[in-house]
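# Chain and residue survey
Spelled out, the chains give:
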Amino acid sequence: MNIDVIEPSIRIIVMDNERVISFDDHGCYFLTLETVDLTDIFIRPVYKQIVVHTLNHYINSKGLIVYGWCLMPNKLYMICQVQKNVSFKELRKAFKQFTTEKVIEAVNNEPEERRQWLIEHFQKNYGFLGAQKKLEVWKRVKEMLSIDLARPEIMAEHLELIHNIPVQERVVRYASDFIYSSATDYETGREGLVKIARLSAVEQALDDIENRKSVFKTKFNRR
């Protein structure tokens, strides 16, 4: 496990003993990262930008490939894979460790009351009789959904799912208005905050989904 001491009695740790699930280390996956206790940490821009900057850094320098993403107050949704010379498991672990360290740095700059509230959520006991303490921002990843790249309609369906989460949560009216996701990239053609990889077959599948929606709306309105 990786350890970075920030206080004499509290350590930041990302545990290595996540449940191992048989998977292709270079496959494409729908991945959901949840914060401990589902704490709404990604509300203020400083915390959102930590995720944005880290994603771009890992895309540019660490071999991460992101096809779609959406950041909500307590969850990060991604459709992603890694380049052939990179381990998905190790990259995921490093991403969680790095973002945890940066989030805790930002938490330490919060006003006293909010800082204590956040630390209480992220602080967990471990070791013999829980004698030591650790700070964890992310829950352990229990499962990931495999995305078959040979079936672009599957990725398109999952992109539709994550892009519409802010709409369902009534954060925005239209998916493309939410800047902390890849909806802008796909729906407007403009580059969003994170450098994603767009597959032409997936974009065609997304167009097909929109066309079916339009046909349905037209038939419904005629009734």
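A short tour of the structure in this document, coming up. (Residues numbered from 1 in each chain as written. Predicted model: local features only at pLDDT ≥ 70, side-chain atom pairs only at ≥ 80, totals over all residues. Heavy atoms only, no water.)

## A few points about the packing of aromatic side chains
The tally for this structure, following the rule as stated, stands at five aromatic pairs. Ring centres 5.5 Å apart and planes at 25° place the aromatic pair F42 and W138 in the stacked group. Of this pair, F42 sits in the loop between β3 (28–34) and α1 (45–61) while W138 sits in the loop between β7 (132–135) and β8 (145–147), and the two are 96 residues apart along the sequence. Across this residue pair, the class does not change: F42 and W138 are buried. For the ring pair Y58 and F95, a centre distance of 5.7 Å and an interplane angle of 85° mean the geometry is edge-to-face. Residue Y58 is found in helix α1, and its partner F95 is found in helix α2 (residues 88–107); the two are separated by 37 residues along the sequence. Judged by relative accessible area, F95 falls into the buried class, the value being 4%. Residue placement shows R198 over the ring face of Y186; its charged tip is 5.9 Å from the ring centre. (Phe/Tyr/Trp six-rings, centres within 6.5 Å; stacked < 30°, edge-to-face > 60°. Helix = DSSP H or I, 4+ residues; strand = E, 2+ residues; numbered from the N terminus. Buried < 20%, exposed > 50% of the residue type's maximum accessible area, 1.4 Å probe, protein only. Lys NZ or Arg CZ within 6 Å of the ring centre and 35° of its normal.)

## A look at the packing of α2 against helix α3 (residues 112–122)
Two numbers describe how α2 lies on α3: the axes approach to 10 Å, and their chain directions differ by 150°. With respect to each other, α2 and α3 are oriented roughly antiparallel. On α3, the residues touching V103, I104 and V107 of α2 are R115, L118, I119 and F122. Of the residues belonging to the contact of α2 with α3, the class tally is six nonpolar, no polar and one charged. (Axes fitted to C-alpha atoms, helices over the stretch in contact; angles between N-to-C directions. Parallel < 35°, antiparallel > 145°, perpendicular 65-115°, else oblique. Contact = heavy atoms within 4.5 Å. Nonpolar A, V, L, I, M, F, W, Y, C, P; charged D, E, K, R; others polar.)

Interpretation in functional terms is not warranted from these geometric data alone.
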